[in-house]
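Take a look at the letters that make up each chain.
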Number of protein chains: 2
Amino acid sequence: MAEGRRLFAPELPRDGGVLRLPVESARHAQVLRLRVGDRVRLFDAAGSEADAEILDVARDAMSCRAEAPRSVPERTRRVTLLLGVPKAPKLETIVRMMTELGVHALCFVLTERSVPKLAHDSPKLERCKRIAREACAQSGQARALEIHGPEELALVAARAPADAARVVFWENATQTLDAAFASVAAAEDLHDVWAVVGPEGGLSAAEIDQLTPLGYQQVGLGEGILRVDTAAVVASALLLDRMHALG
Amino acid sequence: MAEGRRLFAPELPRDGGVLRLPVESARHAQVLRLRVGDRVRLFDAAGSEADAEILDVARDAMSCRAEAPRSVPERTRRVTLLLGVPKAPKLETIVRMMTELGVHALCFVLTERSVPKLAHDSPKLERCKRIAREACAQSGQARALEIHGPEELALVAARAPADAARVVFWENATQTLDAAFASVAAAEDLHDVWAVVGPEGGLSAAEIDQLTPLGYQQVGLGEGILRVDTAAVVASALLLDRMHALG
């Protein structure tokens with residue numbers, strides 16, 4: 001079965017059976033030109049998937065007969081990115097690209113210089129989750145990027161597991177990623193990385209001072225000034241690369 | 001002077017003097033809230049820059065008194081990316097992010113599975129060049145990304161200088177970037193890299209067969225299916241990283 005024929009199903013029946021899929025999946029099925037009788041793979045974006053056959057497909061609704069779901073293995077290399085809230089038009093690109101790359105989680109954080117607002121109950125957050133599911137379906141990643149609503153930077157940063165490597169990408173830093181990791185663990189042992197990327201206005205020196213005692217090492221990202229979406233995607237790619245989860 | 005106060009000037013007078021800037025620079029000056037008397041740095045996106053003072057600034061026009069221009073050093077690490085023509089909405093993100101990263105050149109290439117059209121005289125190409133200049137102004141990169149209109153993949157690929165390392169990112173490849181480079185040169189000696197990234201539909205096996213005798217080594221980019229914009233940006237970042245031009 002082509003990897004592209006993956007559809008989101010929020011709940012997979014434990015023993016399989018007939019189920020209706022949400023509107024977003026019906027629309028995705030239209031884009032893929034799927035028809036009654038086609039085989040698809042359903043995924044719940046939370047670690048389960050099931051093979052299924054399309055029973056009915058219309059513009060805004062579809063149904064399938066699903067087999068019993070199986071668990072998708074947990075990611076063995078996890079990148080969690082803490083990101084200053086970006087402007088709305090950049091959100092979609094960031095979420096899509098990070099999902100395609102296989103990043104584990106994106107936590108929006110509130111910082112001194114964060115300008116865009118993003119409330120916990122913002123429709124923007126729901127939209128981000130939908131984009132992550134769509135990108136998950138299309139990229140063949142078994143798990144969608146987890147998206148967590150905004151909280152204070154220091155609060156979220158303090159939640160990194162004890163054995164996670166921690167870095168903060170900062171324009172004033174000169175240390176390389178390799179130097180930062182060399183002092184923490186061999187590449188083979190890098191399973192869990194937490195990384196901070198600031199908002200458009202950058203992180204303040206006071207914020208860096210808060211992160212240092214929490215174990216976050218400062219790392220530079222070259223001499224150019226990267227916009228927040230570029231920085232988020234490039235940081236994700238370099239971290240996954242160092243964990244041998246890319247290439 | 002803040003790095004952000006950079007404005008595009010297509011021609012810098014050899015001995016300095018008064019000059020008018022194009023509309024795009026006047027608009028950029030408005031965004032930066034620049035006023036008469038402010039000091040700025042003018043750049044021609046082709047290797048020269050000059051300090052200047054604003055004499056007059058209005059909605060669609062502005063003039064400056066420029067000092068004599070100086071040459072910006074050539075890039076010592078050059079990445080040239082050959083990219084299957086992407087869909088229009090992705091062009092802007094690709095050009096902007098690659099400029100911010102400091103990629104040397106983007107050559108659009110025509111491939112078997114290229115769907116979007118892009119003529120040599122397309123206004124899309126002019127728009128790409130403008131986006132590259134704007135991103136150049138904002139990112140502090142001294143040189144804008146060079147953008148070359150579409151030609152056949154094999155024609156462009158054959159133009160790589162003799163001492164350039166050559167890779168093609170391909171979904172069916174399993175070789176890592178490090179393995180590909182290890183057989184070519186030590187990282188310190190990587191000054192010039194030519195890389196191919198396919199269009200949305202991917203490169204065909206026949207195209208890979210054309211690239212192999214030209215010295216392009218196949219490299220994978222992880223297990224996820226990356227969209228063309230993600231692949232272009234991630235490939236650029238990883239190549240610059242290996243050349244120690246990032247981080």
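Just above, that's the structure.
In short, a report on the structure. (Residues numbered from 1 in each chain as written. Chains lettered and ligands numbered in written order. Predicted model: local features only at pLDDT ≥ 70, side-chain atom pairs only at ≥ 80, totals over all residues. Heavy atoms only, no water.)

## What to know about the pairing of strand β4 (residues 48-57) of chain B
All names here are of chain B.
In step 1: The sheet contact formed by strand β3 (residues 39-43) and β4 spans 5 bridges and is antiparallel. Residue pairing in the sheet places valine 40 in a bridge with alanine 52 of β4.
In step 2: Between the end of β3 and the start of β4, which pair antiparallel, lie 4 residues, with alanine 45 showing a positive phi angle near 65°.
In step 3: Pairing between β4 and strand β5 (residues 62-66): 5 bridges, direction antiparallel. Its bridge partner being in β5, glutamate 53 is matched across the sheet by arginine 65.
In step 4: Turn length for the β4-β5 hairpin, with the two strands adjacent in sequence and antiparallel, is 4 residues. (Pairing = 2+ DSSP bridges. Helix = DSSP H or I, 4+ residues; strand = E, 2+ residues; numbered from the N terminus.)

## Description of the interface of chain A and chain B
In step 1: Contacts between chain A and chain B engage 30 residues on the former and 31 residues on the latter.
In step 2: Together, the buried faces of chain A and chain B total about 2,400 Å²; carbon and sulfur atoms form 57% of this surface.
In step 3: On the surface where chain A and chain B come into contact, there are 4 salt bridges.
In step 4: Linking arginine 96 of chain B and aspartate 229 of chain A is a salt bridge whose minimum nitrogen-to-oxygen distance equals 2.5 Å.
In step 5: In this assembly, chain A and chain B are joined by 12 residue pairs in polar contact (both at pLDDT 80 or more).
In step 6: Sorting the residues of the side of chain A that touches chain B by element identifies α2 (88-101), α3 (123-139) and α7 (228-242) of chain A as the ones contributing at least two each.
In step 7: Here the side of chain A that touches chain B takes 8 residues from α7 of chain A, the largest share from any one element. (Contact = heavy atoms within 4.5 Å. Buried area = accessible area lost by both parts, 1.4 Å probe. Salt bridge = Lys/Arg side-chain N within 4 Å of Asp/Glu carboxyl O. Polar contact = N/O pair within 3.5 Å; in protein donor to acceptor, adjacent residues only side chain to side chain.)

## Let's talk about the sheet that holds strand β8 (residues 105-110) of chain A
Pairing between the strands of a sheet comes from backbone hydrogen bonds, and it takes one of two forms, parallel or antiparallel.
Residues and elements named next belong to chain A.
In step 1: One open sheet holds the 6 strands; their spatial order is β9-β8-β7-β11-β10-β12, and the pairing between them is parallel. Both outer strands of the open sheet, β9 (146-152) and β12 (217-219), are each paired with one neighbouring strand and no more. The average angle at which neighbouring strand axes cross in this sheet is 25°, direction not considered.
In step 2: Bridging between strand β7 (residues 78-84) and strand β11 (residues 192-197) involves 6 bridges; their strand directions are parallel. (Axes fitted to C-alpha atoms, helices over the stretch in contact; angles between N-to-C directions.)

## A short note on the packing of aromatic side chains
Residues and elements named next belong to chain A.
In step 1: Applying the stated rule across the entire model yields 2 aromatic pairs over all chains.
In step 2: Look at phenylalanine 8 and phenylalanine 43: their rings are 5.9 Å apart centre to centre, the planes differ by 55°, and that puts the pair in the tilted class. Taken together, the positions of phenylalanine 8 in strand β1 (residues 6-8) and phenylalanine 43 in strand β3 (residues 39-43) put the pair 35 residues apart, joining distant regions of the chain.
In step 3: Looking at phenylalanine 43, the relative accessible area reads 0%, which means it is buried.
In step 4: Over the aromatic face of phenylalanine 43 sits the side chain of arginine 6, whose NZ or CZ is 4.8 Å from the ring centroid. (Phe/Tyr/Trp six-rings, centres within 6.5 Å; stacked < 30°, edge-to-face > 60°. Buried < 20%, exposed > 50% of the residue type's maximum accessible area, 1.4 Å probe, protein only. Lys NZ or Arg CZ within 6 Å of the ring centre and 35° of its normal.)

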